[in-house]
Amino acid sequence: MATVDFFLGSSTPAGFLSLFEPAVRPPATSFLLKGTPGSGKSTILNRICSTFTDHRHIVERIHCAGNPDSLDGVIYQKTKTAILDATAPHVLSSIYPIAVETEISLYPCTSYGKIKPYRNDIVQLVNRNQLLSIRCYNFLQAACSLLADNRALVAEQTDSIKIERLVKRICPKEFPRQNTSHIEHLRFLSALTPEGYLTYGDTPKQLCERIYLLRDEYGVASEKFLKEVREYALENGHECYTCLNPLFPDQIEHLFFPQLGVGFFTANRYHEEFFTPCRVITSARFTNTEELKKHRQTICFRKKAANELLKQGVSLLDAQRECHNQLENIYTHATDFNQIDLITAGLMNRLARLL
């Protein structure tokens with residue numbers, strides 16, 4: 001095993017979806033970082049990740065969808081320890097203070113006196129950021145409405161019985177019965193970011209030796225297949241990384257089972273094929289493609305229109321990042337990083353005893 005990369009949040013057509021909450025509750029031990037933009041939360045997380053390495057067990061780098069170069073968290077699966085940014089848009093609070101969660105506040109390190117002259121600037125930037133978010137979600141809703149229409153059309157021509165038969169042939173071989181409780185980790189392998197639709201393609205290879213590649217442009221047959229596989233594997237007591245689709249977050253996009261060394265990856269225009277699969281499964285074997293050809297013009301129009309709408313959404317995410325960068329510049333000049341270093345040293349000492 002090695003260090004892998006995920007998101008715990010993404011912009012979706014319904015707004016920002018956070019998966020942070022389950023990651024910090026029992027059986028985890030969690031440290032919740034709280035502070036202003038530019039107070040060094042991501043720097044602390046990078047330092048933790050580079051200091052406490054573990055080449056035999058899974059270490060998760062959790063990236064910020066609003067700026068993928070920035071970290072939102074680090075999770076150590078061996079000790080079930082999570083250190084996460086607990087500020088908006090993924091605010092976290094203690095439910096079991098000290099026993100489970102420890103809040104690390106960096107707010108006292110920022111001088112109110114130095115911030116006060118920029119009060120109006122901060123209010124304007126935050127309000128602008130919120131308006132950009134609303135506009136972004138409107139574009140994503142419009143795009144996904146078109147894509148959903150295509151998916152509905154494809155679903156009508158998809159043979160669910162054939163999918164179930166394939167699942168029944170594969171699952172007994174891959175998922176032997178275990179007398180243990182299942183464990184499920186909800187993640188995003190991909191997210192909508194200011195750079196576009198970003199996927200961490202090395203993660204599947206780090207988690208699994210064998211990967212089934214599901215080639216499915218519309219994600220209809222693959223989602224049905226993955227739903228059945230997930231249910232079978234969890235019923236048989238296995239640990240699973242369930243990766244959701246940021247465009248349709250109620251649906252599964254990929255599944256990984258590190259203890260078994262097997263994974264299932266959906267490939268389409270949003271995900272390149274980053275590895276050599278152990279087996280390729282194409283959606284065409286489950287789909288009446290001849291019937292779909294009758295709707296080709298409509299399907300293509302929707303795809304192109306949705307793609308343009310998604311581009312507009314991404315441009316608004318980039319504008320949001322610029323707002324956040326301006327906020328960081330204001331707060332950074334008002335932050336005492338000597339105090340930050342002292343807090344970081346205390347946290348590192350605690351983690352050294354845990355990890």
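See above for the structure.
Throughout, a residue's number is its position along its own chain's written sequence, starting from 1. Selection of residues for local features in this predicted model requires a pLDDT of at least 70, selection of side-chain atom pairs for listing and counting requires 80 or more, and totals for whole chains, interfaces and linings are taken over all residues. Computation of side-chain values: all heavy atoms of the structure, hydrogens and water removed.

J.: Can you walk me through helix α5 (residues 160-174) in this structure?
T.: The periodicity of an α-helix, 3.6 residues per turn, causes residues three or four positions apart to be oriented the same way. Strands here are runs of E lasting at least two residues and helices are runs of H or I lasting at least four, both read from the DSSP assignment and numbered beginning at the N terminus. What a helix is expected to span follows from its residue count: subtract one and scale by 1.5 Å. Counted at 1.5 Å a residue, the expected span for α5 with its 15 residues is 21 Å, and the 21 Å between its end C-alpha atoms agrees. Three exposure classes are used, based on accessible area relative to the maximum for each residue type with a 1.4 Å probe and protein chains only: buried under 20%, partly exposed in between, and exposed over 50%. Within the span of α5, buried status applies to Ile163, Leu166, Val167, Ile170, Cys171 and Glu174. Whether two residues touch is decided by their heavy atoms; if any such pair falls within 4.5 Å, the residues are in contact. Those residues of α5 that are buried are in contact with β12 (210-215), α7 (220-235), β15 (262-267) and β16 (279-282). Counting of polar contacts relies on pairs of N or O atoms within 3.5 Å, with two restrictions inside protein: one atom must be capable of donating a hydrogen and the other of accepting it, and residues adjacent in sequence are counted only when both atoms are side-chain atoms. The N-cap residue of α5 is Asp159: its side-chain oxygen and the backbone nitrogen of Ile161 are 3.1 Å apart.

J.: Any chance you could explain the pattern of salt bridges here in plain terms?
T.: If charged atoms from side chains of opposite charge come close, those side chains can pair. By definition, a salt bridge exists where a carboxyl oxygen of Asp or Glu is found within 4 Å of a side-chain nitrogen of Lys or Arg. Per the stated rule, a full pass over the model turns up 17 salt bridges. Residues Glu273 and Arg215 are paired through a salt bridge, measuring 2.6 Å at the closest nitrogen-oxygen approach. Taken together, the residues Glu273 in the loop between β15 and β16 and Arg215 in strand β12 connect sequence positions 58 residues apart. Given a relative accessible area of 36%, Arg215 falls into the partly exposed group. Salt bridges linked by common partners bring Glu21, Arg25 and Glu101 together as one network.

J.: Looking at this model, I keep getting lost on the pairing of strand β13 (residues 239-244). Mind explaining?
T.: Consecutive side chains along a regular strand alternate between the two faces of the sheet. Burial analysis of β13 places six of its six residues in the buried class, the great majority of the element. Burial along β13 is two-sided: Glu239, Tyr241 and Cys243 and Cys240, Thr242 and Leu244, pointing in opposite directions, are all buried. In the sheet, strand β9 (residues 183-187) pairs with β13 via five bridges, with the strands oriented parallel. By the bridge assignment for β13, Leu186 is matched with Thr242. DSSP calls a pair of strands paired once it identifies at least 2 bridges connecting them. Here four bridges tie β13 to strand β14 (residues 252-257), and the two strands are oriented antiparallel to one another. Note that in β14 the partner of Thr242 across the bridge is Leu255.

J.: Would you mind going over the pairing of strand β3 (residues 15-18) with me for this structure?
T.: Across four bridges, strand β2 (residues 9-12) lies against β3 in antiparallel orientation. Directly across from Gly9, in β3, lies its bridge partner Ser18. Linking β2 back to β3 in an antiparallel pair, the connection comprises two residues.

The quantities given are spatial measurements derived from coordinates; they are silent on function.
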